[in-house]
Amino acid sequence: MQKIQNFINGKYVDPVKGEYIDNVEPATGKAFAQVPNSSIEDLELAIDAAQAAFPAWSTMSVDKRSRILHKLADLIEQNLDDYALMESRDNGKPLWLAKAVDIPRASTNFRFYASAIVNFSTEAQVSEGFMVNYTRRAPVGIVGCISPWNLPLYLFSWKIAPALAMGNCVIAKPSELTPMTAYLLGKLANEAEMPAGVLNILHGEGKGIGQAIVEHEATKAISFTGGTATGKIVGATASQQFKKVSLELGGKNPNIIFADCDLDEAVKTSVKSSFTNQGEICLCGSRILIEESIYEEFKRQFLEECEKLVVGDPMDPKTTTGALVSEAHLNKVDSYVQLAREEGGTILTGGKKLDREGFYYEPTVIEGLDENCRTNQEEIFGPVVTLNKFKSEEEAIEVANSTRYGLSCTIWTSNLQRAHRVAHAVQSGIIWVNCWLVRDLRTPFGGMKDSGIGREGGDEALRFFSEPQNICIKL
Ligand code: NAD
């Protein structure tokens with residue numbers, strides 16, 4: 001069986017203690033590789049390498065750093081098929097989706113920040129005849145980037161690209177459930193002539209090597225994407241040493257359907273926003289709030305569209321919904337559906353595991369639940385949505401805001417004023433009107449409330465991965 005290695009100082013190396021965990025393929029439920037369960041000894045090697053690489057990398061011309069990142073973007077594009085296959089086997093998502101979205105977006109992330117860094121400028125203030133102030137943005141130093149399993153290379157690269165572009169050296173850890181594409185990236189970093197030690201990739205469990213990266217005094221900033229409970233630990237740990245910290249966490253996103261919307265479009269896109277990537281996207285709309293007058297019609301059309309979903313082998317091009325990432329996650333999703341039944345919900349479609357090997361779950365639609373019940377309040381992060389009625393715009397806003405989360409929201413209406421009014425009233429970092437999952441990468445990305453702190457995207461990320469120094473010159 002293939003053994004994955006850490007990537008430290010430009011070389012693939014075995015973990016010092018020789019400990020591994022199984023990398024299970026969700027489609028079959030069987031181990032297909034072994035992942036290092038790295039320890040503090042591996043981290044020390046990576047820190048040494050990053051410290052040695054930092055002086056040259058942080059002072060390299062922006063043009064040269066940009067060219068290296070552009071090259072890396074090109075190489076990912078050239079390796080699209082291999083990367084997509086690995087992403088799909090690792091995560092359980094349909095191969096076509098990894099090919100169309102995950103891997104192209106990883107390449108775009110590097111390309112975006114390769115360009116952004118050459119266009120990035122800092123601020124200057126001139127007090128005529130008295131003084132000039134300007135802000136220098138210095139790289140932070142060594143930064144830790146920790147990512148989840150749902151969009152493996154996409155989210156991994158979304159962190160490391162701006163960190164590297166800004167001149168930092170990176171210690172990165174992908175999820176132990178989906179390490180494959182991050183593992184492959186080391187080879188491409190070398191081909192792109194990224195200097196050794198600039199990017200170091202360590203594998204293993206969150207509570208071990210993940211926690212060690214956050215705790216180590218040499219990492220000066222931590223960019224974390226994952227669950228809210230983990231984010232709480234990461235935030236608390238990082239703040240002990242006054243590290244910069246960015247947290248992109250969970251969501252329980254409302255998808256609000258007003259009676260004046262384009263119903264066809266709302267139904268079709270809502271099926272996507274509910275079930276794409278098996279519902280394992282932090283931005284999926286898991287609570288569909290429907291104006292009472294069109295509730296029955298929306299439900300009828302939505303269920304009709306759900307019937308067209310095909311759950312099965314991620315390698316089959318006809319598959320719309322692959323396998324969930326792990327057995328533990330499959331059981332978690334199933335336990336929430338059981339809970340929904342106990343809370344008085346009616347399962348309109350789905351509601352059970354598929355009777356076959358692998359971790360498959362039927363796309364599930366539930367109605368009849370109270371807005372405050374656990375099923376409607378807690379993140380399930382799987383192919384499960386609830387249908388809920390509302391009577392007025394005020395009620396829709398109140399229910400939308402009723403959870404601890406505030407990541408994203410979708411609003412369907414043809415009334416322009418209402419679209420703005422509701423968007424302003426909903427406590428969400430991202431609001432889509434009559435669309436879902438489209439975004440200009442220059443805009444800030446992140447959540448309100450327990451969905452996180454800080455923002456990624458555009459210049460926000462370049463600012464996060466740098467320390468501003470205010471320089472004041474008397475005229
Ligand atoms: P998770 O919190 O279990 O793990 C995320 C990463 O953190 C993994 O690499 C894990 O190994 C590591 N980790 C775990 N414990 C750690 C610790 N104590 N210290 C340091 N690192 C630790 O999350 P997950 O199950 O991998 O991902 C699913 C969650 O991620 C969902 O809640 C989802 O909403 C969220 N998510 C959020 C966004 C966003 O942009 N807001 C994007 C994708 C996923």
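Since this is a predicted model, take the numbers as computed values, not measurements.

Caption draft 1: Seen up close, the pairing of strand 6 (residues 124–127). In this structure, strand 6 lies alongside strand 7 (residues 131–139), joined through four bridges in antiparallel fashion. Along strand 7, the bridge assignment pairs serine 127 with methionine 131. Count of turn residues in the strand 6/strand 7 antiparallel hairpin: three residues, of which glycine 129 carries a positive phi of about 75°.

Caption draft 2: The arrangement of a negative patch on the surface in detail. Side chains of Glu41, Glu44, Asp48 and Glu217 sit close together on the surface and give a patch of like negative charge. Within the secondary structure layout, aspartate 48 lies in helix 1 (residues 40–59). Since its relative accessible area comes to 47%, aspartate 48 is described here as partly exposed.

Caption draft 3: Region of interest: the sheet that holds strand 6. Strand order across the open sheet formed by three strands is 6-7-23, with antiparallel pairing between neighbours. For this open sheet the edge positions go to strand 6 and strand 23 (466–474), each flanked by a neighbour on one side alone. Taking each pair of neighbouring strands and ignoring which way they run, the sheet shows an average axis angle of 20°.

Caption draft 4: Region of the structure containing the domain arrangement of the protein. Under the domain assignment, the protein is made up of domain 1 (2–249 + 451–474) and domain 2 (254–443). Between domain 1 and domain 2, the C-alpha centre-to-centre distance is 30 Å. Buried surface at the junction of domain 1 and domain 2, both sides included, amounts to about 2,400 Å², of which 61% is carbon and sulfur. The largest contributions to the domain 1 side of the interface with domain 2 come from Ala27, Trp149 and Ser451, which together make up 21% of the buried area. At the surface where domain 1 touches domain 2, the tally comes to one salt bridge. Lysine 30 is the salt-bridge partner of glutamate 357, the closest N and O atoms lying 2.8 Å from each other. Inspection of the domain 1/domain 2 interface yields twelve residue pairs in polar contact (both at pLDDT 80 or more). At the level of elements, helix 3 (80–91) and helix 4 (95–119) are the ones that each hand at least two residues to the side of domain 1 that touches domain 2. Residue composition of the side of domain 1 that touches domain 2, grouped by class: 14 nonpolar, 13 polar and six charged.

What counts and how
- Sequence order as written defines the numbering, with residues in each chain counted from 1.
- In view of the model being predicted, local features appear only for residues whose pLDDT reaches at least 70, and side-chain atom pairs are presented and counted only at 80 or more, with totals across whole chains, interfaces and linings using the full set of residues.
- Only hydrogens and water are set aside when side-chain values are computed; all heavy atoms of the structure are taken into account.
- DSSP-based pairing: two strands are paired if at least 2 bridges between them are found.
- The way it works is that DSSP assigns letters per residue, a run of H or I at least four long becomes a helix, a run of E at least two long becomes a strand, and they are numbered from the N terminus.
- To count toward a patch, a residue needs a relative accessible area above 30% and no salt bridge. Like charges then connect within 9 Å, nonpolar side chains (Val, Leu, Ile, Met, Phe, Trp, Tyr) within 5 Å.
- The accessible surface values rely on the Shrake-Rupley method and a 1.4 Å probe; as for residues, cover is taken only from the protein chains in view.
- Salt bridge criterion: a side-chain nitrogen from Lys or Arg within 4 Å of a carboxyl oxygen from Asp or Glu.
- Only four residue types enter the charge count, namely Lys and Arg as positive and Asp and Glu as negative; His and the chain termini do not.
- Taken as the charge centre is NZ of Lys, CZ of Arg, CG of Asp or CD of Glu, depending on the residue.
- Partly exposed residues are those whose accessible area sits between 20% and 50% of the maximum for their type, while under 20% is buried and over 50% is exposed, using a 1.4 Å probe and protein chains only.
- Each axis is a line fitted through C-alpha atoms, and for a helix only the stretch in contact is used; angles between axes span 0 to 180 degrees, taken between their N-to-C directions.
- Just so you know, the domain bounds were taken from an automatic or database domain assignment.
- Computed with a 1.4 Å rolling probe, the buried area is the accessible surface lost when two parts are put together, summed over both parts.
- Polar contacts, as counted here, are pairs of nitrogen or oxygen atoms within 3.5 Å of one another; within protein the pair requires one atom able to donate a hydrogen and one able to accept it, and residues that are adjacent in sequence qualify only if both atoms are side-chain atoms.
- Any residue outside Ala, Val, Leu, Ile, Met, Phe, Trp, Tyr, Cys, Pro, Asp, Glu, Lys and Arg is labelled polar, Gly included; the first ten of those are nonpolar and the last four are charged.

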